[in-house]
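# Survey of secondary and tertiary structure
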Amino acid sequence: MTTDHTEESGKEKKSLNFIEAIIEEDIQNRKNDARVHTRFPPEPNGYLHIGHAKSICLNFGLAEEYNGKCNLRFDDTNPEKEDTEYVDSIMEDVRWLGFQWHGQHLYASDYFDQLFEWALLMIRQGKAYVDDQAQDVISQQRGTPTRPGIESPFRNRSVEENLDLFMRMKAGEFPNGSRVLRAKIDMASPNMHMRDPVMYRILHAEHHRTGNKWKIYPMYDYAHGQSDYLEGITHSLCTLEFEVHRPLYDWFLDQVTESAYRPRQIEFARLNLSYTVMSKRKLLELVKKGYVNGWDDPRMPTIAGMRRRGYTPASLRAFADRIGVAKRDNTIDVGLLEFMVREDLNKITPRVMAVLDPVKLIITNYPDGQTEDIELINNPEDADSGSRMVPFGKELFIERDDFMVDPPKKFFRLGPGRQVRLKGAYVIQCENFELDEQGQVSTIYCTYDPETKSGSGSSQPKVKGTLHWVDASKAIDAEVRLYDRLFSDEDPAGHKEQDFLEFLNPDSLKVLQNCKLEPMLATAKAGEKFQFQRIGYFCVDPDSKTDKPVFNRTVSLKDNWAKMNQQ
RNA sequence: UGCCCGAUGGUGUAAUUGGCAACACGUCUGACUCUGGAUCAGAAGAGUUCAGGUUCGAGACCUGAUCGGGCAACCA
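Residues numbered from 1 in each chain as written. Chains lettered and ligands numbered in written order. Predicted model: local features only at pLDDT ≥ 70, side-chain atom pairs only at ≥ 80, totals over all residues. Heavy atoms only, no water.

## So, the domain arrangement of chain A
The domain architecture assigned to chain A consists of domain 1 (1–26), domain 2 (35–268), domain 3 (280–350 + 478–566) and domain 4 (354–468). Distance between the C-alpha centres of domain 1 and domain 3: 33 Å. Domain 1 puts 5 residues into the contact, and the matching count from domain 3 is 5 residues. Around 430 Å² of area is buried between domain 1 and domain 3 when both sides are counted, 60% of it from carbon and sulfur atoms. There are 0 salt bridges connecting domain 1 and domain 3. (Domains from an automatic or database assignment. Contact = heavy atoms within 4.5 Å. Buried area = accessible area lost by both parts, 1.4 Å probe. Salt bridge = Lys/Arg side-chain N within 4 Å of Asp/Glu carboxyl O.)

As structure tokens, then:
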């Protein structure tokens, strides 16, 4: 969304997206009494993902922006697929994102009685009929996009017979699939959806809310618009694939009302994110086949997964705002999402010391047995965040990456003879190092200059690098889970010949076991977020135990050194 | 051979009575820095899918084409 600063007024004038433009025009014309009432209508058959987050932010955001209301309505017209488990997770996700729906949460199944009455009305008006044909016959008669369909032999039976049959369908007299109720529209319509679409099918299935009351269930096209109408929805937002359904949405409304009030369906392009998949089917497959550890695996683009990963609601909302909304197909660079979290986390997150891949460093001239407390600022971006004391001693751990036996000139860290600052403490100089049998650096020996303590103000040697560290004797052990993109291909689902699973990134999860953290982190609670100084943003995973903290990497810090090395 | 959408830098989104294309991410420079983070300063990068037309003037309007997406569940 672009803002433009008008100099005279000093006010921000936001440019409108196409939906806002429609809404403002409707308000202008006092359409529907100038009300704005949207709804978020998930089917409770899976977990919400970032694409839904876009829709949630849109619907609830528009309601807020125009002093309107937004309902949460579960589209539960298919008892075979839907479950209460999902209802709960969806409500949790919406609330977590920071939105509150208007009144109670609602269900399409709340309207089954009314929908049935209206169906009866349509039958009486000769606008609907019961078709006894098998599914594949009906399907064949529907024709193709380029060839008109043909009319069902049952299309013109009497109102009485239709009424009788439909009542008996409701009563459960017929088996699944034996009959349907169809709208009588136009089998020759160039729009496939207008070729006598099915309104009701027979389903002897237990519904998660209505139990065994119903043996027939309404189809989406029939139920959705009527539900909107019953709730007083004014702007019914959905994704592009429903564009061709709109004439049907309007047609069904025409059959039951002549009132001036009308909900309007508006379609927008769904979100696509690079390096991931978004379809429920594919996400389900990842879970079912065990490629990830459940719906809330931090690598999943689900809201639950992102929450566990450490994303904040504010960052997701900012993301939704930034990507805007339009009708053209789009693929958002996942880098933008990452930028949004960093931006938020940078402001709110306490900085802490954590060494992921530790190597021992001994300060040879530091007195044996001495320790001291070093004061560290919690967050330089937040003046109110204060400071804390962190233990420092003769033996420390530093990051293995921060030392090179034979460093290049541009390497600003430690190497034989080189000087660096230990963050918040002293300047040290590397005097020596030891290798183990594998040739890996096992211990680094340094000397320190007591005069260089942080804040001492004394003229200090200029050093190029500053390292993070932890006191070896006081550090706590932790497990750290490093997450990377789940797929190594930008568009894993976009290959005709190859299955998306072939593009799974084998390194999407790296578990580090011997990480060393500053002591204060022992008491961090699940969900708490930190910046591991110089590394990235991390949060405490629910798997965390008091004696075994577990941290998830939300996103790494921007790393120019790594970038330089790639080139 | 049908119907419905869409097309603006690498990626998104703007340009609201037609007035010489803006913002964000990314990229590249440089400054600063006790996070190679953040911040700050700057740069490159599109002439708006193409061809006609209307107009003094078109990314916006008209016509045609091209390309991309969607539509043939008793799914939503």
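After presenting the structure, the write-up continues.
## Remarks on the layout of surface pockets
Rolled over the atoms, a probe sized like a water molecule indicates the empty space that remains. Here the second largest pocket defines a volume of roughly 1,200 Å³. Contributing to the lining of the second largest pocket are 49 residues, with H52, T239, E241, R270 and K280 lying nearest its centre. The element contributing the most residues to the lining of the second largest pocket is helix α9 (residues 280–288), with 5 residues. A class-by-class count of the residues in the lining of the second largest pocket yields 18 nonpolar, 16 polar and 15 charged. Residues from two domains meet in the lining of the second largest pocket; each of domain 2 (35–268) and domain 3 (280–350 + 478–566) gives at least three. (1 Å grid on protein atoms, 1.4 Å probe; cavity = no way out; pocket = protein on both sides within 12 Å on 5 of 7 lines; lining within 4 Å. Points joined across faces, edges and corners; volume = space filled by probe spheres on them. Helix = DSSP H or I, 4+ residues; strand = E, 2+ residues; numbered from the N terminus. Nonpolar A, V, L, I, M, F, W, Y, C, P; charged D, E, K, R; others polar.)

## Structural notes on helix α1 (residues 18–28)
When we look at burial in α1, the residues that qualify are I19, E20, I22, I23 and D26. Along the axis of α1, the buried positions cluster into a sector of 160 degrees, meaning they face one direction only. Away from its buried face by more than 90 degrees, α1 exposes E25 and Q28. Turning to α1, the residues buried within the fold contact α2 (50–65), β10 (235–239) and β11 (264–268). Residue N17 occupies the N-cap position of α1, its side-chain oxygen lying 2.9 Å from the main-chain nitrogen of I19. Looking at the residues trailing α1, positive phi occurs at R30, about 55 degrees. (Buried < 20%, exposed > 50% of the residue type's maximum accessible area, 1.4 Å probe, protein only. Arc of directions from axis to C-beta. Polar contact = N/O pair within 3.5 Å; in protein donor to acceptor, adjacent residues only side chain to side chain.)

## Topic: the sheet that holds strand β21 (residues 466–467)
Overall, mixed pairing links the 7 strands, which are arranged β21-β18-β19-β20-β14-β17-β22 in an open sheet. Across the chains shown, the open sheet's two edge strands, defined by having one partner strand only, are β21 and β22 (469–471). (Pairing = 2+ DSSP bridges.)

## Let's talk about the packing of aromatic side chains
Tallied over the full model, the rule gives 26 aromatic pairs. A network of ring pairs unites the aromatic residues F112, F116, F166, Y200, W214, Y217, Y222, W251 and F252 as a single cluster. Across the ring face of Y275, the terminal group of R485 is positioned such that the distance to the ring centre comes to 4.5 Å. (Phe/Tyr/Trp six-rings, centres within 6.5 Å; stacked < 30°, edge-to-face > 60°. Lys NZ or Arg CZ within 6 Å of the ring centre and 35° of its normal.)

## Side note on the pattern of salt bridges
A full pass over the atoms with the stated rule returns 38 salt bridges. Measuring nitrogen to oxygen at the nearest pair gives 2.9 Å for the salt bridge that ties D110 to R209. With D110 in the loop between β5 (106–107) and α4 (112–124) and R209 in the loop between β8 (198–202) and β9 (216–218), this residue pair connects regions lying 99 residues apart in the sequence. Accessibility expressed as a relative area gives 40% for R209, which makes it partly exposed. Beyond isolated ion pairs, a larger network of salt bridges with shared partners links D296, R308, E479, R481, D541, D543 and K548.

## Thoughts on the side chain of T302
Within the secondary structure layout, T302 lies in the loop between α9 and α10 (303–309). Relative accessible area serves as the criterion here: at 0%, T302 is assigned to the buried category. In contact with T302, not counting residues within four places along its chain, are Y47, L48, H49, L283, W295 and D296.

## Comments concerning α4
Across its 13 residues, α4 extends 18 Å between first and last C-alpha, which sits within 8% of the 18 Å expected from 1.5 Å per residue. Inspection of α4 places F112, L115, F116, W118, A119, L120, M122 and I123 among the buried residues, and these make up the whole buried set. In the stretch just after α4, G126 is the one whose phi turns positive, near 75 degrees. (Expected span 1.5 Å × (residues − 1).)

## Notes on the sheet that holds strand β3 (residues 37–40)
Taken together, 3 strands build an open sheet; the order of strands is β3-β4-β5 and the sheet is parallel. Of all the strands in the sheet, just β3 and β5 have a single pairing partner and so form its edges. In this sheet, strand β4 (residues 69–74) lies alongside β3 in parallel orientation, the contact comprising 4 bridges. Residue F40 lies in a different strand from β4, and its bridge partner there is L72. Along the sheet, α2 makes contact with β3 and β4, crossing β3 at roughly 160 degrees. Sheet strands in contact with helix α3 (residues 84–96) are β3, β4 and β5, and its direction is about 160 degrees off that of β4. (Axes fitted to C-alpha atoms, helices over the stretch in contact; angles between N-to-C directions.)

## Observations concerning the nonpolar core
Core analysis: the largest hydrophobic core is formed by 38 residues, its most contacted members being I50, I56, F60, V94, L273 and F319. Mapped onto this core, the elements with two or more residues apiece are α2, β4, α3, α10, α11 (313–323) and α12 (334–348). A per-element tally of this core places α2 first, with 6 residues. Summarising the domain contributions, this core has at least three residues from each of domain 2 (35–268) and domain 3 (280–350 + 478–566). Setting aside residues no more than four positions away along its own chain, V94 makes contact with F40, L48, I56, F60, F99 and W101. By size, the runner-up hydrophobic cluster in this structure holds 37 residues, among which are F116, F252, L253 and V256. (Core = buried A, V, L, I, M, F, W, Y, C linked by side-chain atoms within 4.5 Å.)

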